[in-house]
Amino acid sequence: MNSEWFSDSSMWLPIVFIGLMGLAILVYAILDGYDLGVGMLMPMEKEKEAYRDTMIASIGPFWDANETWLVLAVGLLLIAFPSAHSLILFELYLPATLMLVGLILRGVAFDFRAKAGVDHKYLWDCTFKLGSWLTALCQGFMLGQYVTGFQNSTATLIFSLISAIGVAAAYCFIGSAWLVMKTEQALQSKAIYWARTLGRISFIWIVIVCGVNLWINPDVFARWFEFPLVMFVLLVPTLCLILFMLNDVALERISKTAERYSWVPFILVSGIFTLCFSGLAFSFFPYIVPGQMDIWQASSAPESLMFILVGASVVIPCILVYTAFSYRVFRGKTTELKYD
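Conventions we followed
Residues numbered from 1 in each chain as written. Predicted model: local features only at pLDDT ≥ 70, side-chain atom pairs only at ≥ 80, totals over all residues. Heavy atoms only, no water. Helix = DSSP H or I, 4+ residues; strand = E, 2+ residues; numbered from the N terminus. Rg over C-alpha atoms; globule rule 2.2 N^0.38 Å. Buried < 20%, exposed > 50% of the residue type's maximum accessible area, 1.4 Å probe, protein only. Contact = heavy atoms within 4.5 Å. Areas by Shrake-Rupley, 256 points an atom, 1.4 Å probe, with all protein chains shown as cover. Phe/Tyr/Trp six-rings, centres within 6.5 Å; stacked < 30°, edge-to-face > 60°. Salt bridge = Lys/Arg side-chain N within 4 Å of Asp/Glu carboxyl O. Core = buried A, V, L, I, M, F, W, Y, C linked by side-chain atoms within 4.5 Å. pLDDT = per-residue confidence, 0-100. Patch = residues over 30% accessible without salt bridge, like charges linked within 9 Å, V, L, I, M, F, W, Y side chains within 5 Å. Axes fitted to C-alpha atoms, helices over the stretch in contact; angles between N-to-C directions. Parallel < 35°, antiparallel > 145°, perpendicular 65-115°, else oblique. Left-handed = near helix turned anticlockwise from the far one by under 90°. Nonpolar A, V, L, I, M, F, W, Y, C, P; charged D, E, K, R; others polar.

### What about the overall build of the chain?
Each helix and strand counted, the chain has 16 helices and two strands in total. Taking 20 Å as the expected radius of gyration for a compact globule of 340 residues, we find that the chain reaches 21 Å, a close match to that expectation. Each of the three principal axes of the chain carries a C-alpha extent, and together these read 65 × 40 × 40 Å. Going through the 340 residues of the chain one by one, you find that 47% of them count as buried. Put simply, 79% of the contacts in the chain that link residues at least 6 apart link residues at least 24 apart. Carbon and sulfur atoms make up 71% of the accessible area of the chain, which amounts to about 17,100 Å² in all.

As structure tokens, then:
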């Protein structure tokens, strides 16, 4: 039976592609999540311009490349699961459009703030912050709609709005952890405060989302609490709680001049993101549209998937290599951002 399953490419190829798409979404949520968070956290008081310059400089070498993973995820959805792509984009047309507007605002503001006169620099900083908030809120709203299976009801709308705020808080959480790692002195102290506060908000949001998800999706509830699988599945929320606690301990040590541990919060928060994503993937697999369409129903022809897999086996390692290389080159504390 197993040999027959592996010999049938129409069975295992969709699993490979949903895995690649999941990897792209997770890496995007972590990498672009922190630079969206940094944008949302920018203080807009006139006297905090030095803070804003440093915060922009901390993401300057990375933010544009981070969005590559979003393009990859959407591209894989389009070519590997075209029917799911059509359904999802049909349901999320408006928030997806607004998200793109937010991304455009960020890109324009990032470049123009360096070229504008002193009197207009503040305006472009505000635009960058607005674009960051718009992008994060739209992504959170889309997540809420997706989890509820695109149901049209008041309860679904309320949950999606809660999800929008929660995702924005989570991005600010990982953004503050990034700033703890990349900045020093007063700004780092501020980032530690942000990370503590946002960590508690993110924890509450995760509990709410998990509770609502189990409540509105009986199949997910049955999957999570089916014995004996429950004994292993509940390790995910347990480990997540442990990482939240360890993050608080790490932030406390860093605040007491333990600078060598400044990288730890970002790793811990990335772990929290990974665990939450794993829990979400476990809840709905093999459905690519919850309750409506599984990966085999939505997938392209096996011949097409095999052809695409050859290209993906070249493109994805290249993206991983240049991402790792850029982070290695620009490791360490943030220096002054220069555009020449």
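We are not done yet, so read on.
### A look at the packing of aromatic side chains
Taken as a whole and judged by the stated rule, the model has 13 aromatic pairs. Ring centres of Phe-62 and Trp-178 lie 5.6 Å apart, and the angle between their planes is 85°; this geometry places the pair in the edge-to-face category. Separated by 116 residues along the polypeptide, Phe-62 in the loop between helix H3 (49-59) and helix H4 (63-66) and Trp-178 in helix H9 (residues 154-182) bring together distant segments of the chain. A residue is classified by how much of its surface remains accessible, and Trp-178, at 2% relative accessible area, is buried.

### A few points about the pattern of salt bridges
Within the structure shown, the criterion is met by five salt bridges. Here Asp-125 ties to Arg-52 by a salt bridge, and the two come within 2.9 Å at their closest N and O atoms. With Asp-125 in helix H8 (residues 118-147) and Arg-52 in helix H3, this residue pair connects regions lying 73 residues apart in the sequence. On the accessibility criterion, Asp-125 (0% relative accessible area) is buried.

### What about the nonpolar core?
Judged by nonpolar contacts, the single largest core of 97 residues is most densely connected at Phe-17, Phe-81, Tyr-171 and Ile-288. Examining the composition of this core, we find that 17 residues originate from one element, helix H2 (residues 9-41), more than from any other. Setting aside anything within four residues of it in sequence, one finds Phe-81 in contact with Pro-14, Phe-17, Ile-18, Leu-76, Ile-288, Ile-295, Ala-298, Ser-299 and Ser-300.

### Focus on the confidence of the model for the chain
Low pLDDT means the predicted coordinates in that region are not meant to be read closely. For the chain, mean pLDDT is 84; residues scoring 70 or higher make up 93% of the total. No element of the chain has a lower mean pLDDT than helix H1 (residues 2-7), at 57, and none a higher one than H9, at 89.

### As for the environment of Leu-251
Examined against the element boundaries, Leu-251 turns out to sit in helix H13 (residues 235-255). As for Leu-251 and Ile-192, which are separated by 59 residues in sequence, their C-alpha atoms are 6.2 Å apart. In this view, Leu-251 contacts Val-180, Ile-192, Ala-195, Arg-196 and Pro-265; residues no more than four positions away in its chain are not counted.

### What to know about a nonpolar patch on the surface
Together, Ile-158, Ile-162, Phe-203, Ile-204, Val-207, Ile-208, Leu-241 and Met-245 line one region of the surface with nonpolar side chains, adding up to about 690 Å² of accessible area. Those elements that provide at least two residues to the nonpolar patch are H9, helix H10 (185-216) and H13. Structurally, the position occupied by Met-245 is in helix H13.

### So, unusual backbone geometry
That bond from Phe-285 to Pro-286 is cis: its omega, 10°, falls within 30 degrees of zero. Structurally, Pro-286 is set in the loop between helix H14 (264-284) and strand E1 (287-289). Backbone geometry at Phe-150 places phi at a positive 60°, although glycine is not the residue there. The residue Phe-150 is located in the loop between H8 and H9 in this model. Of note, the phi angle at Gln-185 is positive, near 55°, even though the residue is not glycine. Mapped onto the elements of the fold, Gln-185 is located in helix H10.

### Regarding the packing of H9 against H10
Closest axis-to-axis distance for the H9/H10 pair is 8 Å, and the angle between their directions is 150°. By the criterion of interaxial angle, the relationship of H9 to H10 is roughly antiparallel. Crossing hand, H9 versus H10: left-handed. In terms of residue class, the contact of H9 with H10 is built from 19 nonpolar, six polar and no charged.

### Section: the packing of H3 against H10
One way to put it is that H3 packs onto H10 with a least axis distance of 11 Å and a crossing angle of 75°. Relative to H10, the element H3 is oriented roughly perpendicular. Between H3, through Tyr-51, Thr-54 and Met-55, and H10, the contact on the second element is made entirely by Ala-186, Leu-187 and Trp-194. Within the contact of H3 with H10, the residues separate by chemical class into five nonpolar, one polar and no charged.

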